[in-house]
Amino acid sequence: RMYRSTLSFFTICLSGSILLDDPVYAIQYGIDDKYAWIFAVGVNGTVFKSSDAGQTWKCVHCRNKVTSMDLNGVHFMSSLTGMAVGDQGTIMATINGGSNWMLQPTPTTQDLYGVHMFSSDTAYAVGANSTMLSTVDGGATWTLIDPVYCHGSKISLRSIRFTDISNGVMVGDCDWWFNTLDGGKTWQYFSLDALSGAGNAQLRYLAMDVNGNLAAVGDADAGPLIFYVTRVLNDDNDHANFTWAPLALPGAADAPGVELHGASFV
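Predicted model, so just to flag it, every value in this text is computed and none were measured. Counting starts from 1 at the beginning of each chain's written sequence and moves along it residue by residue. For this predicted model, a pLDDT threshold of at least 70 governs which residues receive local features, and a threshold of 80 or more governs which side-chain atom pairs are given and counted, while totals over whole chains, interfaces and linings are taken from all residues. In computing side-chain values, all of the structure's heavy atoms are included and hydrogens and water are not.

**Brief notes about the side chain of Thr-67**
So, step 1. Helix numbering and strand numbering both begin at the N terminus, where a helix is a DSSP run of H or I of at least 4 residues and a strand a DSSP run of E of at least 2. Note on placement: Thr-67 falls in the loop between strand S4 (58-59) and strand S5 (71-76).
So, step 2. Its relative accessible area of 10% is what places Thr-67 among the buried residues.
So, step 3. Under this definition, polar contacts are N or O atom pairs within 3.5 Å; protein pairs additionally need one hydrogen-donor-capable and one acceptor-capable atom, and for neighbouring residues in sequence, both atoms have to be side-chain atoms. At 3.0 Å, the side chain of Thr-67 and the backbone nitrogen of Met-69 are in polar contact.
So, step 4. The contact criterion used is simple: two residues touch if any of their non-hydrogen atoms lie within 4.5 Å. In contact with Thr-67, not counting residues within four places along its chain, are Asn-44, Gly-45, His-61, Thr-90, Met-92 and Leu-103. Accessibility here uses a 1.4 Å probe with only protein chains present; expressed as a share of the type maximum, an area under 20% marks a residue as buried, one over 50% as exposed, and anything in between as partly exposed.

**As for the pairing of strand S1 (residues 24-31)**
So, step 1. Of the pairings in the sheet, the one linking S1 to strand S2 (residues 36-42) comprises seven bridges and is antiparallel in character. Pairing of Tyr-29 across the sheet is with Ile-38, part of S2.
So, step 2. Strand pairing is assigned whenever DSSP detects at least two bridges linking the two strands. Counted along the chain from S1 to the antiparallel partner S2, the turn is four residues long.

**A few points about the pattern of salt bridges**
So, step 1. One side-chain nitrogen of Lys or Arg within 4 Å of one carboxyl oxygen of Asp or Glu is enough to make a salt bridge. Under the definition given, this model contains three salt bridges.
So, step 2. Residue Arg-204 is joined to Asp-219 by a salt bridge in which the shortest nitrogen-to-oxygen separation is 2.6 Å. Here Asp-219 lies in strand S18 (residues 214-220) and Arg-204 lies in strand S17 (residues 202-208), a separation of 15 residues in the sequence.
So, step 3. Given a relative accessible area of 10%, Asp-219 falls into the buried group.

**Let's talk about the state of the cysteines**
So, step 1. To count as a disulfide, a pair of cysteine sulfur atoms needs to be within 2.5 Å. Enumeration over the complete set of coordinates arrives at two disulfides.
So, step 2. Paired through a disulfide, Cys-59 and Cys-62 show a sulfur-sulfur distance of 1.5 Å. Measuring handedness by torsion sign, the sulfur bridge of Cys-59 and Cys-62 sits at about 95° and is right-handed.
So, step 3. Here Cys-150 connects covalently by a disulfide to Cys-174, the sulfurs 2.0 Å from one another.

**Some words on unusual backbone geometry**
The general pattern is negative phi for most residues beyond glycine and trans for most peptide bonds.
So, step 1. The backbone of Asn-44 sits at a positive phi, close to 60°, despite the residue not being glycine.
So, step 2. Along the polypeptide, Asn-44 turns up in the loop between S2 and strand S3 (47-50).
So, step 3. We classify Asn-44 as partly exposed; its relative accessible area is 37%.
So, step 4. You will see that Asn-64, though not glycine, has its phi angle at about 50°, which is positive.

**Digging into the environment of Asn-64**
So, step 1. Along the chain, the position of Asn-64 falls in the loop between S4 and S5.
So, step 2. Linking Asn-64 and Asn-100, residues 36 residues apart in sequence, is a C-alpha distance of 9.2 Å.

**Description of the side chain of Ser-159**
So, step 1. Position of Ser-159 among the secondary structure elements: in strand S13 (residues 157-162).
So, step 2. What makes Ser-159 buried here is its relative accessible area of 2%.
So, step 3. In terms of polar contacts, Ser-159 uses its side chain to reach the backbone amide nitrogen of Leu-206, at 3.0 Å.
So, step 4. In contact with Ser-159, other than residues within four places in its own chain, are Val-126, Val-169, Met-170, Val-171, Arg-204, Tyr-205 and Leu-206.

Put into structure tokens, the structure is as follows:
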């Protein structure tokens, strides 16, 4: 099932010129001066790339792999520079559009589900058992961040985005969303059920536009959820506030059990 709106969420079905026997777990869409590009990652360390908005595809991590671990998340800050994360603490990076990948050392063996490159130096990764990692040297070294808890328990963290060096948002298998104002050193939590008006709300993915606004997707008892999250800087232009607005989804009432796992601005 696919939803589109004036926010131009993008989903993808891999077919046609590319044949896949195994699932793809995460995608990212982007546009630069030359073309619209998409990266897709999945089982056994596979990475596919399209340079024409999905019309044709090329596997850029099928031979001479640096890992065969399942890849669960991907983020590119440009068509050339990006990272992918996966099972057992796997993080790998490329600076040439996926032609070559380098496996990065990490201090965890927990499965990782989400990654965000804020810059070529600074990035964050999240995963199982409230695992959070950060790097400030392009991934040469990664440092564990103190975990967050949901109702007293560790959780699987699914997605993280930073709108600037201080302000970030994170979601996972919890009816809360998390916000940091200090670069991830400390986190506050807020109720998703109160925002959505639905029970057992969980968000699984965050997409960010060029202005730092977010699309947050997931599900609740009543069916799939989408929020449009507006970033508003305070008077000192330092700390951001986020205004959450649920979006109506056509047919959502007829789709209990449907989970949304990805979105993108185009």
